[in-house]
Amino acid sequence: MTQLSPFSRQIWEAKYRFDGTPDQAPEADIAATWDRVAGALAAVEKEPEKWQARFRAALEGFRFLPAGRILAGAGTDRDVTLFNCFVMGRIEDDLGSIFSHLREAALTLQQGGGIGYDFSTLRPKGAPVRSLGSVSSGPISFMEVWDSMCATIMSAGARRGAMMGTLRCDHPDIEEFVEAKRTPGRLTNFNLSVLITDAFMEAVREEREWPLVFAGKTYRSLPATALWERILRATYETAEPGVIFIDRINRLNNLAYCETIHATNPCGEQPLPPYGACLLGSINLATLVRDPFGEGAQLDLDSLRELAAIAVRMLDNAIDASRFPLEQQRQEAQAKRRIGLGITGLGDALIYCGLRYGSPEAVETVETWMRELRQAAYLASTELAKEKGSFPLFDREAFLATEGARRLEPELRDAIARHGLRNGLLTSIAPTGTISLLADNVSSGVEPVFAFEYRRKVRQPDGSQRTETVSDPAYRLFREKFGEEAPLPPAFVDARSLGPREHLVMQAAVQKYVDAAVSKTTNLPADISFEAFRRVYDEAWDLGCKGCTTYRPTPLRGAVLEASPSASPSRAGERPPGEPMARPNVLPGRTYKLNWPPSDHAIYVTLNDIVEEGRRRPFEIFINSKNMEHYAWTVALTRMISAVFRRGGEVAFVVEELKAVFDPRGGAWMEGRYVPSLLAAIGGVIERHMIEIGFLQPQQGDASMAAGARRLAAPPSAGLGQCPRCGSLSLLRQEGCDLCTACGYSHCG
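Every chain's residues receive numbers from 1 upward, in the order its sequence appears when written. Only residues with pLDDT of 70 or above have their local features reported here, since the model is predicted, and side-chain atom pairs are shown and tallied only from 80 upward, although totals for entire chains, interfaces and linings are computed over all residues. Side-chain measures here rest on the full set of heavy atoms in the structure, leaving out hydrogens and waters.

A.B. asks: How should the overall build of the chain be read in this particular structure?
C.D. replies: Think of it this way: any DSSP run of H or I at least four residues long counts as a helix, any run of E at least two long counts as a strand, and we number them from the N terminus. In terms of regular secondary structure, the chain is built from 25 helices and 28 strands. Here, residues are in contact when the closest pair of their heavy atoms is within 4.5 Å. Considering only contacts in the chain between residues 6 or more positions apart, those separated by 24 or more positions represent 69%. Counting only carbon and sulfur atoms, one obtains 50% of the accessible surface of the chain, whose full area is about 31,000 Å². The accessible surface values rely on the Shrake-Rupley method and a 1.4 Å probe; as for residues, cover is taken only from the protein chains in view.

Set out below in structure tokens:
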């Protein structure tokens, strides 16, 4: 029986364990979860018991990892989808369509699906709206409405909503879109990506002018090189936007004959058509290596083929076992039956085989592994087509004529010509975040190992916490075999020790054998020059990647993860990352008076600071008022925020989170701007203080406050509010009563 480490067990309990019902006992261990998932996916078969045993064997030992929505939802009575990702429908350029799609987005997020939207269909800022005699506020203003909605939706389980927003490189508002994430607190629930066309890249290379066009009208032109540099400058400084080579995606799409793609899911591995959805699952390569660290260490290709065939059948069954937030999503999924079979544990598998990530030998080996995976997946899908029929929109001649299908091996094309194909697209590489943590912290997706050891807080059964060292399985196995003093072989490289090209060549090698796309982040050092940074994107284009995402730590965004001191010895007396700072006896600070219009009494916010490494930073916060209505939550809030402040790092996100809170009862007008809640007002005070002490730059803070004011900047009586029942932005205030046009909720008084 598989025993989970304390850390993996915490992940399982928080995200994937089924707590049971009055008629069903809670799951006692991960084996019970595997039993549930295998049973649910086998239930659609004619011989469910036969297939349940095979599915269960594939799950055992984390050999095949269905994506989180399947692990959490399959076989439960929860009203959730088994699909991790969706791209929503085309937004028509009118207010009715915009708010209809907002409601669809809320329903999809509520069931646990991440979503992607293309906002290129909305007219640019300042364009005339002739029917109203006014002008448009532009797509970015409506993205802020989506962002606010997402902030209120808690997805199924403990997962918050995630969204991808795209805009074409020739849209007149592209420059505002590119700069949006420079403002702290703006569009925090979106990942942003620019849709880059072949024509644009040609214009960049030829240094030509680039027209910005909407609905056939050219608004203005600018040098293509200037726009390309602006995109990359923003990414260099804020880690967004990413770039999606959209023409390449459509050209290589197996289903190009029946769909056009304009957006991807939040992590980018699934370019999808309107209402497209995709199931995800990953084969754990690290579990398939025979004789790790031995002279004959190699991947068991027979096991890979066998596991791929079973995984295709499991994911195909999940299409029929799943619920769907929208009927359009169900129809799209069943018409094309696309799945996203991928891999995880690549970084660890390479280390087991003595191959350095990004080396020519590793690239050649990974191409062999991926070729075998694709071969097995397609052959399994043709066998399923013989048994159950091809996907409904399968057109043999049209399919085989696509450039994507022409790149398949002759054996696969022959099998498709003879038997058809069950699934329109089969392979995709997802980031596999928490499921890789669940699987004993195996390296995620196609990424290298991030760090070989780090420390995390692990909750104990009695509710207490203890700090535990979490280690990479390859590192742990090497130490068990060769001892703590043995030097690490050259194959032991992590994300921070690799150069940009080593990341890119691995992404490109995998992409050759993937139908959809590859979710891959190229980690870059903070001190990389802009010219070197730009070359990463140029090379991604030249290598044939479908997109490029980089991460460079900056003062604005900070680092995603930090290695534990146990992975690299700290200096004597240095405070370990994440440990709270000790409180001096005396601290400088300021107290701010906050007059919240709905309250009869002023609220006093005190912020005390500490100087760390020559920089003054917030250390603690106190909130006091004669109004006892707010006492309990203000005490809880001050303790939580103070705990965050005392652990150091870039804590400006506290402002972003507070200012994103909207009170369904309505906010208040303060100093000429609409503030959506008392919590948002407190966030504004903290932001002001951070600016005054130099912790935030004035231009960042001022822009952030302005962005917060623009969000739904109308009093409840003047427009749509947020419904307290369904969460949609559909609440009307009429004649002293609230009415939700989405769910019918009403309240008078």
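A.B. asks: Explanation requested: the environment of serine 303 in the structure shown.
C.D. replies: Assignment of secondary structure puts serine 303 in helix 11 (residues 301-321). Three labels apply to residues, based on accessible area from a 1.4 Å probe with only protein chains included: buried if under 20% of the type maximum, exposed if over 50%, partly exposed otherwise in between. What makes serine 303 buried here is its relative accessible area of 16%. Sequence separation between serine 303 and leucine 288 is 15 residues, and the spatial gap between their C-alpha atoms is 7.0 Å.

A.B. asks: Could you clarify how one ought to interpret the packing of aromatic side chains in this entry?
C.D. replies: Ring pairs (aromatic) are described by centroid distance and by the angle formed between their planes. Think of it this way: a Phe, Tyr or Trp ring, Trp meaning its six-membered ring, pairs with another when their centres are within 6.5 Å, and the plane angle makes it stacked under 30 degrees, edge-to-face over 60, tilted otherwise. Applying the stated criterion to the full structure yields 27 aromatic pairs. For the pair phenylalanine 478 and phenylalanine 482, a centre-to-centre distance of 4.7 Å together with 45° between the ring planes defines the contact as tilted. Remark: phenylalanine 482 and phenylalanine 478 occur in helix 19 (residues 473-482); sequence separation between them is four residues, near one turn of the helix. The class of phenylalanine 478 is buried, set by a relative accessible area of 5%. Ring-pair connections join several aromatic residues into one group, and the members of that group are Phe200, Trp210, Trp228, Tyr236, Phe530, Phe533 and Tyr537. A positively charged side chain is recorded as over a ring if its NZ (Lys) or CZ (Arg) lies within 6 Å of the ring centre. The angle to the ring normal must also be within 35 degrees. A cation sits over an aromatic face here: arginine 248 above tryptophan 541, 4.2 Å from the ring centre. Geometry around tryptophan 51 places arginine 313 over its ring, the cationic atom sitting 3.8 Å from the centre.

A.B. asks: It is not clear to me how the sheet that holds strand 22 (residues 603-612) should be interpreted in this structure. Could you clarify?
C.D. replies: Within a sheet, neighbouring strands are paired by backbone hydrogen bonds and run either parallel or antiparallel to one another. Only strands joined by at least two bridges in the DSSP assignment are considered to pair. In spatial order, the strands read 21-22-23; together these three strands make up an open sheet with antiparallel pairing. Either end of the sheet is taken by a strand with one partner, and the two such strands are strand 21 (589-594) and strand 23 (615-625). For this sheet the average axis-to-axis angle between neighbouring strands, irrespective of direction, equals 20°. As judged from the six bridges shared by strand 21 and strand 22, these two strands associate in the antiparallel manner. Opposite threonine 591, over in strand 22, you have threonine 606 as the bridge partner. Axis angles are defined between N-to-C directions and span 0 to 180 degrees, where every axis is a line fitted to C-alpha atoms and, for a helix, only to the segment in contact. Across the sheet, helix 22 (residues 631-646) is in contact with strand 22 and strand 23; its angle to strand 23 comes to roughly 170°. The sheet strands contacting helix 24 (residues 678-692) are strand 21, strand 22 and strand 23, and the helix crosses strand 21 at an angle near 145°.

A.B. asks: Help me out: how do you make sense of the packing of helix 9 (residues 224-238) against helix 21 (residues 530-542) in this one?
C.D. replies: To characterise two packed helices, one gives the angle between the axes of the helices and the distance between these axes. At a closest axis distance of 10 Å, the pairing of helix 9 and helix 21 adopts a crossing angle of 110°. Comparing the axis directions of helix 9 and helix 21 gives the class roughly perpendicular. Crossing geometry of helix 9 relative to helix 21 is assigned as right-handed. Residues Trp228, Glu229, Leu232, Arg233, Thr235 and Tyr236 of helix 9 touch helix 21, and the partners they reach there are Phe530, Phe533, Arg534, Tyr537 and Asp538. For the contact of helix 9 with helix 21, the residue count by class is six nonpolar, one polar and four charged. Note on terminology: angles under 35 degrees are roughly parallel, angles over 145 are roughly antiparallel, angles of 65 to 115 are roughly perpendicular, and the others are oblique. The hand of a helix crossing depends on one turn: near helix anticlockwise from the far one by less than a right angle means left-handed, and clockwise means right-handed. Residue classes follow a fixed rule: Ala, Val, Leu, Ile, Met, Phe, Trp, Tyr, Cys and Pro count as nonpolar, while Asp, Glu, Lys and Arg count as charged, and any other residue, Gly among them, counts as polar.

A.B. asks: Please clarify how the pattern of salt bridges should be interpreted in this entry.
C.D. replies: When their charged atoms lie close together, side chains carrying opposite charge are able to pair. Any carboxyl oxygen of Asp or Glu that lies within 4 Å of a side-chain nitrogen of Lys or Arg is treated as forming a salt bridge with it. For the structure shown, the criterion picks out 51 salt bridges. Ionic pairing is found between arginine 230 and glutamate 175, a salt bridge with its closest N-O pair at 2.8 Å. Taken together, the positions of arginine 230 in helix 9 and glutamate 175 in helix 7 (residues 174-179) put the pair 55 residues apart, joining distant regions of the chain. We classify glutamate 175 as buried; its relative accessible area is 15%. With a shortest N-O distance of 3.6 Å, glutamate 229 and arginine 233 are connected by a salt bridge. Of this pair, glutamate 229 and arginine 233 both sit in helix 9, separated by four residues, roughly a single helical turn. On the accessibility criterion, glutamate 229 (32% relative accessible area) is partly exposed. Accessibility expressed as a relative area gives 32% for arginine 233, which makes it partly exposed.

A.B. asks: How do you make sense of the confidence of the model for the chain when you look at a structure like this?
C.D. replies: Reading fine detail from the predicted coordinates is not recommended where pLDDT is low. Confidence of the predictor at the level of single residues is captured by pLDDT, which takes values from 0 to 100. In the predicted model, the chain carries a mean pLDDT of 86, and the fraction of residues at 70 or more is 87%. Between residues 739-749, whose pLDDT stays under 50, and residues either more than four places distant or in other chains, the model counts 34 contacts.

A.B. asks: What exactly am I supposed to notice about the packing of helix 2 (residues 30-42) against helix 3 (residues 48-59) here?
C.D. replies: Helix 3 packs onto helix 2 with a crossing angle of 140° between their chain directions and a minimal axis gap of 8 Å. Classed by the angle they form, the pair helix 2 and helix 3 counts as oblique. Considering only the axes of helix 2 and helix 3, their crossing is right-handed. Listed contacts from helix 3 to Ala31, Trp34, Asp35, Val37, Ala38, Gly39, Leu41 and Ala42 of helix 2 are Pro48, Trp51, Gln52, Phe55, Arg56 and Leu59.

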